[in-house]
Every structure is written in C-alpha cells, then in structure tokens.
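Chain by chain, the residues:
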Amino acid sequence: MDLGIDEDRLASCVQCGLCLSSCPTYRVTGDETYSPRGRIALMREVQLHDAPLTAEVRRAFDTCIQCLGCEPACPSVVPYGQLIERTREHLTRERGRNVRSLLLWPLTKPRLLRIGSTLLAGAQRLHIVPKRLGLPTSLPMRRRRHVSSGTDVYLFTGCVMDAWQREVHHATQRVLEAAGLGVTPIGDDWPCCGALHTHAGLHEQGTALARRTPGSLDTNIPIVVNSAGCGAHLKQHSDLTVFDAQEFLAQHLDALPRVTPLDMRLAIQDPCHLRHVQRAHLPTRQVLAPFVTELVELDDDGLCCGAGGAYSIFEPDMATQVRSRKIASIDRAKPTCVASANPGCSMHLAAGGVTTEHPMVIIDRALRQS
Amino acid sequence: MSNDDELIKDLRKVLGDRVRVDSAERALLRRDASVFDGGVAGPICLCESANEVQQVMLTAITHGRTVVPRGAGTGLAGGAVPLGAPVVISLARMNRILDVDLESRIAWVEPGVVNLDLTKHLTPLGFHFAPDPSSQQVCTIGGNVANNSGGPHCLAYGVTNAHVLAIEVVLADGTVVMLGGLDAEPTGYDLRGAYVGGEGMLGITTKVAVRITPNPPAVRTLLLSFNTPREAAATVSAVIAAGIVPAAMEVMDQRITIAVENYVNVGYPRDAGAVLLAEVDGLEGGVELDAERIEAIGRANGATQVRRAASNEERMLLWKGRKTAFGAVAQIAPNYYLHDTVVPRSRLAEVLEKVYEIADEHNLAVVNVFHAGDGNLHPLLLFDGREPGIYERVHAAGSAIVAASLDAGGVLSGEHGIGIEKQAFMDRMFSADDLDHQERLRRAFDPSCRSNPGKVIPLGHSCADIQSLRSVPHEVWG
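Residues numbered from 1 in each chain as written. Chains lettered and ligands numbered in written order. Predicted model: local features only at pLDDT ≥ 70, side-chain atom pairs only at ≥ 80, totals over all residues.

### Details of the overall build of chain B
Scanning chain B from N- to C-terminus turns up 16 helices and 20 strands. Over its C-alpha trace chain B gives a radius of gyration of 22 Å, about what one expects of a compact globule, namely 23 Å for 478 residues. The C-alpha extent of chain B, read off along each of the three principal axes, is 70 × 55 × 40 Å. The buried share among the 478 residues of chain B stands at 56%. For chain B, the proportion of contacts with a sequence separation of at least 24, taken over those separated by at least 6, is 71%. (Helix = DSSP H or I, 4+ residues; strand = E, 2+ residues; numbered from the N terminus. Rg over C-alpha atoms; globule rule 2.2 N^0.38 Å. Buried ≥ 20, exposed ≤ 12 C-beta atoms within 10 Å, placed from the backbone. Contact = placed C-beta atoms within 7 Å.)

So, in structure tokens, the structure goes:
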C-alpha cells in the first residue's frame, strides 16, 4: 500500500538504532515496534513490500507521540517527523471522518470553545467531571478581556490555551510590557494554529489553519507564541516571523528590571516541540535564571512527558506510562515547582500531581512581587 | 503452525501479554543494525526478571525450540538475528540498576541497562562505566558482555571483560548459575572469563556485577588534522612508541569527517584528509605534558592543524561526532556494511591503503573511521541495497578486507563479534582443531545447542547447531 512517502526519504534510515533511547514509547515498552527505527521499518514493509496494515502495524503508528526526540539523535538526519506525519495522514484519510476530527472541530470556533469550557468549569465545581479525563483541576469560569498596549509584537493566543489558560497570556503580555514592548494579542481573528490537527493526521486542515493569517495582521511585526507546540507548528507552516516567548524575551532581557528572585527550586521541563522541533529550549534557562533562586535540570535528556497535543486523550495508557517516567525524573530533581512552556505538557503533568507553571507566569510573579 | 500455538499458549502462562506474535513485530526483529536478515522471528518474549527468562527457557525446552537473546538490537555482526524462528528473549525491559557500591566500586545491573544510562547514573557520584562503545547511547550491558565490547576509551581502560566481575546466567537447560564473583581472586577456573564474549551461545545473562571507574581529575582532548590517513596512522604508532598511554586515539577520514560535521557542527575540518581525535586523562600535570608531546609528535608527522577542546561542551560534541559516525553515513548512501578487523598498529597505514584499493576494485564507496590506538579498523562500505547484484560485490569486498587484515597478522574482529558475519572466515583464522575446541567449550555450557544456534562457529564444525535449526539459512545477506 502506498503511504505516499518519498522513497529516498524512506531509504535514508540505515537502521543503526541510535534513536532508540530518545524514543519515549520504546523507553517504556522495550518493544521495537514502538521505536522510530521500528516504525520506519514498518513503513517500508507497508509501502515497499505490500505488508498488510494489521491492527498491530496501525497501533505502532498511532502510538507515536510525534515528540521528534529521535530527530536530533539521528546522525543521518532522517526527517522522521515528515515520515510519520505522512503515514498518519494516510491512515486518517483511509479511516474517513473519525472521532478525532469531530473532537478537534470546536478548536476553530473560539466562542463555542469558551462557552463549552465555561460549562465544563461549572460542571467541575459540581464534581461531575470524571478525573480520568485528565483535565486541569480548576478551569476558569470567567476570563479577562484582551487589551492591546501597542504594536511592537503580536501575541498569538490560540484555541484551548486562550479558553483554559488565558492568565498565561496576560502574564506573558505583562512581562513583555515590562521590557518596554507594546503587545497586541491576536485573539479570535486567528483562532487556531492547526498543530493538533496535523498531529492527528489532518495535515491539510492543520497547514491551512497555520496559514490562515488574518488580513489585518502587519506581517512586519514579529509574532510571539507562548505555547511551544503552536510555535513549532507556525514556524514550520507559516511564512511569518515567529518566536517562542522565552526565545524572544531573551533578546530583551536587559530591559527587564532587576528584582529579588523568587525563593524556589525550579526544574525545567523542555516541551518537545521547543527542544526538538524549534531547538530553542536554552533561552528558557536564560530568562528564568535572574528570577528564581535555583534552577535545576532534569536527568532524562529532554525525553517527552507523554502529553503530545491530544495524544494523552487518544492514547491514555501509553501517555500515563511515559508520564510516570518523567515524574520519576522530576522526583529525583526534588524541585518545588516545574516550569513548562507548553500548555499541553503542563496540564498533563499537573494531572499526574506535579506542580507546574509557565515560565512567563513565574517571571511575571517575580516582577510583580517587587 | 499448530505447535506454535501450544508454545505461545505456554509462553503466555509465564508472561501474559508480554509475548508478541504479530507479523509486524516478528518481521522487525529479522535484523539488528547489520545487513544480515535472519528470517522471521518466533514468539517475542519481553521478560522482566531472571525468573521469567528461566521459565521461558524451560518452555522452549518443553517445545523443543531454540532461543535467541536480544537487547537493543544494535549489534553489527548479526549476533541477535533470529535463525530458524527461535523464541526471542528480549531483555530490554530488564533495565534496572540494582545496586551501586561506591566503596567496593561495583554496580549490579540488569542486562537491559543502556550503557550510557549507567554512566549517567554514576556521573554525579564521580564514577563511570569505562567500556564506551560508539553505540553506547543505546546498546545494553548484556550485549556488551555478549560481545566483549570495546570503545574509544578501552585503549587505556581495557574492554568489557576487564570490567565484569560476576554474571548471573540462565543456562540452556534452564538452570541459573552465578559465574565469577566479587572477590579479587576467585578460586577455580575463570568461567566468567569464558562466558564474556560468548555471543549469547553460552546462556542468557540476567544480572551483571560491573566494575565502576572513578572519573579522571583532568582531561585534554586534541583534534589533529592531516593531509592523509597514512600520516594520522603514523602519528598513532609514534605516540604509543613514545610510551604515552592515551585514553583514546580515533581516526576518521575526510568523507566521514564531513558527514559527521554536517550533523554535529563543532568545527571538524572539512578540508583535512584525515583527523585524529586523541584524549589523555589523569592528573593535571601529567595530562598537560602528554598533550604537548602528542601535539609535537603530530606536527612531526605532518599535522597541519592541532586544536584543543576548550570546554567540556566542545569535548562532548567532538565525541558525539566520532561516536555517531557510523549512523551518519546515510548522508552518503542508504546502506552500510561496517567492518571490524584488528591489525598490528605498525601496519595500520599499509592495511588502510589496501582497504581503499579493495573498495576501488569492487567499485564501492568506503569511509574509514577507526580505533587507531588499538589498530582496530572500521571500514564502512557504502552502497544502495536497491541496486541489483550489489550485495555480492559488498560481500566480495568485505572478504578481501578480512583477508588483507589476516595477511597483515591481524584478527577477525575487534569488538563487534563474529555472529553470522564472520562465521565463514573463522577457518582462515583457526585450525580445525581450534574450532573443535571452541565447539567443545560451547557444548560444555549448552550441550543441546539451544542458545543462539547457528552463530560464530562455522556450521561445518557445529553439527548439532544445524540439527537444532528448524531451517538452515541459505541466504542471510541483505
């Protein structure tokens, strides 16, 4: 069966196996069907040797978190992300309109999403939302409106994050303003970056959303994104100048006032799409260092936490196993708090009992305390 | 496959859903990191304890089946590929570091512990595990024991055998034994020593006591550029002759250096004909002196540039480049055949030139990256497996390289093992009598030839192996 993968790309893996340790699903299962090398070999079997697309083969592809930890580990620079994206896209098309696309549909309808999540927040307060859904423990009942303070930068606000974690947007805006920058939150004009769609195999929808730049946007103004997953997707698929929030702030760090650091031992969890895709995880350390008493690194070399966009909803068992490994690493570091620059990661970790904060929220708190 | 059904049913009694029998998984495990295809594997057993390994072995005995152990599947000689659909005993989930005793400098580990994970675990304690195969970020301690693995730093520290004190083994008859011990001078025959390098044919490792090594107080890493590999090889011989014992001395030729630099971007010179990565460690005063001497010897032998790693980050990146070199070759061609022979250091330059000639004669691309200090050559023949008739050419060139190495007084394998790759060359190295005794050693551990049959010893010397294989592989190449 033709998965539509370029044959030379498929041939670019020499099966050396150096990726295995960087793959979270291989790490927790020890099973080579759940490894990048294994998945590429299966793509070859299916596309080149007409191997049947059995339930096990599908499962191998479905369980990939697409963290892309394997890409920096690959000395032959195999574009694994593209290979698995193609494969997923093919499988999704073959399955037809499925539950996943229905679940993702509200993301492009910001008002509906907000009404829905307010209802969910109410239901949470009545204790009728099952815990196993892994939702954040207290979704907001109301949100403060976005207000523009100038046009030095745009702040991309997105879908779920704007509905569930708008406070992070406000904090990001305040920090940028403290550095002397005028910020315009983009809001509902560009409701979703499409990352979750691409992740779920809805490639065309995903890239279309990333390119659906509102006409009113001035393309000369940089766009700051404080969700690592969205930032990675926009950097890959839109033509605009996109920065991760910490990456951008690092260039303006001198403009921030010097304050008393918060007394905390802060561990940094690198979201995969910041570390492996944007490869811009180092600025997070740089911008946090002046604002906390102690920064500590985790000892798992940036292995994925298992959130993976909507992965933790679609593959809860594997996501939980992967998270357990991450939590064990966090426990060894003994932090008082974990900084995570991606809403999906922080929600997934919080559901596992970890105290997480967005780096911008921590900086904002330090600035406001003084 | 009705008797397979019974076997699977019995295996499931031991492991539940950790027995994998689907076509996808069985097809994947046809191979390791080499070019050899062993055929479809039997049931795959993801074991989590020595007891489970023992139960799986006993089940295999009941059903008259053979077994093959597998760690991360990064072997380069086909040692872990399944011949004749054996039961695969996967040890990847047995990955716990059980105990670290700093006072005695011993760590107990399970066989599935990744080599680099052990070193990372020990680093904050001031120690490391000395054998550092280039695949150390993925390869497992069990595989290191099975292949008596080396690595760049084994030049000064010795190969795996020197770092293993005791091994718990499930023998092919299902008994569990402890080979070796923690005492400095164990009494009796050194069965541990016989077992290390056994390539899974003497039993299945389930627990290992390894020696841990204190981190050196000072390290100097030098990168020397040369116009030709011959000059780099001559420098290596001269350094050893001068009485210096560097921790590591590694050479890469130009093509592989470029591929590596494309990946790590640390400033490996793209225009040098060869580079020598040399490292000295020990006490501050000594390493500085040795570094200066190596630099002088290098310049006397034609080094055009000598650079020192200025920081630990730079040093780690230089090593990352060297250690991932074999995986970087897909930038040049989609398939590789990585060779592993050892020649006397003094004849390194000469054999190296012969290797380039052989590749030319067979119209194949070759790159060389090698543990120069040990005289351990790693020529990589590069090709596109989709080209008709290519495997015959690669095979022929490989044979010629082995022959050239043996002619120069070398040996078949430095560290990758014999597996099925070098099996056919064994009788060029050993007499029939030698091979007979090797076979007797194997039979002493495994009279039934149940554990990893069909490897190492040439089939002509190993009748029982042929009997225990359900089908004799006739074409494992490609």
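So that's the structure; there's more coming.
### A closer look at the overall build of chain A
When you go through chain A residue by residue, the secondary structure sums to 20 helices and eight strands. Relative to its length of 370 residues, chain A is compact, with a C-alpha radius of gyration of 20 Å against a globular reference of 21 Å. Principal axes of the C-alpha set define a box for chain A whose edges measure 65 × 45 × 45 Å. Counting over 370 residues, chain A shows a buried share of 52%. Sequence separation of 24 or more characterises 72% of the internal contacts of chain A that already satisfy a separation of 6 or more.

### Brief notes about the sheet that holds strand β3 (residues 223-225) of chain A
Residue and element names in this part refer to chain A. Taken together, the four strands give an open sheet; going across it, the order is β2-β1-β3-β4, and neighbouring strands pair in parallel fashion. The outermost strands of the open sheet, each flanked by one partner alone, are β2 (183-185) and β4 (242-244). Neighbour-to-neighbour, the strand axes of this sheet turn through a mean angle of 35°, independent of strand direction. On the sheet, helix α10 (residues 166-178) packs against β1 (153-156), β2 and β3 and is oriented at approximately 165° with respect to β2. Contacts between helix α13 (residues 228-237) and the sheet are confined to β1, β3 and β4, with β4 contributing the most and set at about 155° to the helix. (Pairing = 2+ DSSP bridges. Axes fitted to C-alpha atoms, helices over the stretch in contact; angles between N-to-C directions.)

### What to know about α13 of chain A
The buried fraction of α13 of chain A is high, at eight of 10 residues. Taken together, the buried positions of α13 of chain A are occupied by Ala228, Gly229, Cys230, Gly231, Ala232, His233, Leu234 and Lys235 of chain A.

### A closer look at the interface of chain A and chain B
Counting residues at the interface gives 27 residues for chain A and 34 residues for chain B. For the side of chain A that touches chain B, the secondary-structure elements that each account for two or more residues are α3 (36-49) and α4 (55-62) of chain A. With four residues, α3 of chain A is the single largest residue contributor to the side of chain A that touches chain B. Taken together, the residues that form the side of chain A that touches chain B break down as 13 nonpolar, nine polar and five charged. (Nonpolar A, V, L, I, M, F, W, Y, C, P; charged D, E, K, R; others polar.)

### Remarks on the packing of helix α12 (residues 348-361) of chain B against helix α13 (residues 390-407) of chain B
Residues and elements named next belong to chain B. The N-to-C vectors of α12 and α13 enclose an angle of 160°; their axes lie 10 Å apart at closest approach. Between α12 and α13, the angle is such that the two are roughly antiparallel. The element α12 and its partner α13 pack so that their crossing is right-handed. Between α12 and α13, the contacting residues are Val351, Lys354, Val355, Ile358 and Ala359 on the first element and Ala397, Ala400, Ile401, Ala404 and Ser405 on the second. Residue composition of the contact of α12 with α13, by class: eight nonpolar, one polar and one charged. (Parallel < 35°, antiparallel > 145°, perpendicular 65-115°, else oblique. Left-handed = near helix turned anticlockwise from the far one by under 90°.)

### Points about the pairing of strand β8 (residues 164-170) of chain B
Residues and elements named next belong to chain B. Burial runs high along β8: six of the seven residues are buried. Sheet topology note: the β8/strand β10 (residues 204-211) ladder contains six bridges and is antiparallel. If you follow Val169 over to β10, its bridge partner there is Thr205. Two strands pair when backbone bridges link them, and β8 and strand β9 (residues 176-180) are joined in this way by five bridges, in the antiparallel orientation. Bridging across to β9, Val170 finds its partner in Val176. Linkage of β8 to β9, two consecutive antiparallel strands, is achieved through a turn of five residues, within which Gly174 is found at a positive phi near 95°.

### Topic: the domain arrangement of chain B
Residues and elements named next belong to chain B. What the domain assignment reports for chain B is domain 1 (2-90), domain 2 (97-214), domain 3 (218-326), domain 4 (333-419) and domain 5 (424-468). Look at where the C-alpha atoms of domain 1 and domain 2 centre, and you get two points 23 Å apart. Contact residues are listed per partner, giving 14 residues for domain 1 and 20 residues for domain 2. Of all elements in the fold, only α3 (50-62) and β3 (67-70) reach the threshold of two or more residues within the side of domain 1 that touches domain 2. Of all the elements, α3 adds the most residues to the side of domain 1 that touches domain 2, at six residues. Each residue belonging to the side of domain 1 that touches domain 2 can be placed in one class, and the counts come to nine nonpolar, five polar and no charged. (Domains from an automatic or database assignment.)

### Digging into α12 of chain B
Side chains of residues three or four places apart in an α-helix project in the same direction, reflecting 3.6 residues per turn. Residue and element names in this part refer to chain B. Under the 1.5 Å per step criterion, the end-to-end length of α12 is 20 Å for 14 residues, consistent within 8% with the ideal 20 Å. Leu348, Ala349, Val351, Leu352, Val355, Ile358 and Ala359 are the residues of α12 that are buried. On the buried face of α12, the contacting elements are α8 (229-241), β18 (365-371), β19 (376-377), β20 (379-383) and α13. Asn363 lies just past α12 and shows a positive phi near 55°. (Expected span 1.5 Å × (residues − 1).)

### Here's the deal with the pairing of strand β12 (residues 218-226) of chain B
The side chains of a regular strand alternate, residue by residue, between the two faces of the sheet. All names here are of chain B. Where burial is concerned, most of β12 is hidden: seven out of the nine residues are buried. Taken together, the four bridges between β12 and strand β15 (residues 305-308) define a ladder with antiparallel strand orientation. Of the residues in β15, the one forming a bridge with Leu224 is Val306.

### Quick notes on the sheet that holds strand β4 (residues 87-90) of chain B
Residue and element names in this part refer to chain B. One open sheet accounts for four strands, arranged β1-β2-β4-β3; its pairing is mixed. Lying at the two open borders of the sheet, with one neighbouring strand each, are β1 (19-20) and β3. Of the strand pairs in this sheet, strand β2 (residues 44-46) and β4 are connected by three bridges, and their pairing is parallel. Along β4, the bridge assignment pairs Cys45 with Ile89. Sheet strands in contact with α3 are β2, β3 and β4, and its direction is about 175° off that of β4.

### A closer look at the environment of Ser237 of chain B
Looking at where Ser237 of chain B falls in the secondary structure, it is placed in helix α8. Once you skip the residues sitting within four places of it in the chain, Ser237 of chain B turns out to touch Arg345, Ser346 and Leu348 of chain B.

### Notes on the domain arrangement of chain A
Residue and element names in this part refer to chain A. Domain parsing of chain A yields domain 1 (7-96), domain 2 (106-250) and domain 3 (257-369). On a C-alpha basis, the centroid separation for the pair domain 2 and domain 3 is 18 Å. Listed as interface residues are 28 residues of domain 2 and, on the opposing side, 29 residues of domain 3. Secondary-structure elements contributing two or more residues to the side of domain 2 that touches domain 3 are α9 (160-164), α10, α11 (195-199), α13 and α14 (245-250). Here the element with the most residues in the side of domain 2 that touches domain 3 is α10; it accounts for six residues. Split into classes, the residues belonging to the side of domain 2 that touches domain 3 amount to 15 nonpolar, nine polar and four charged.

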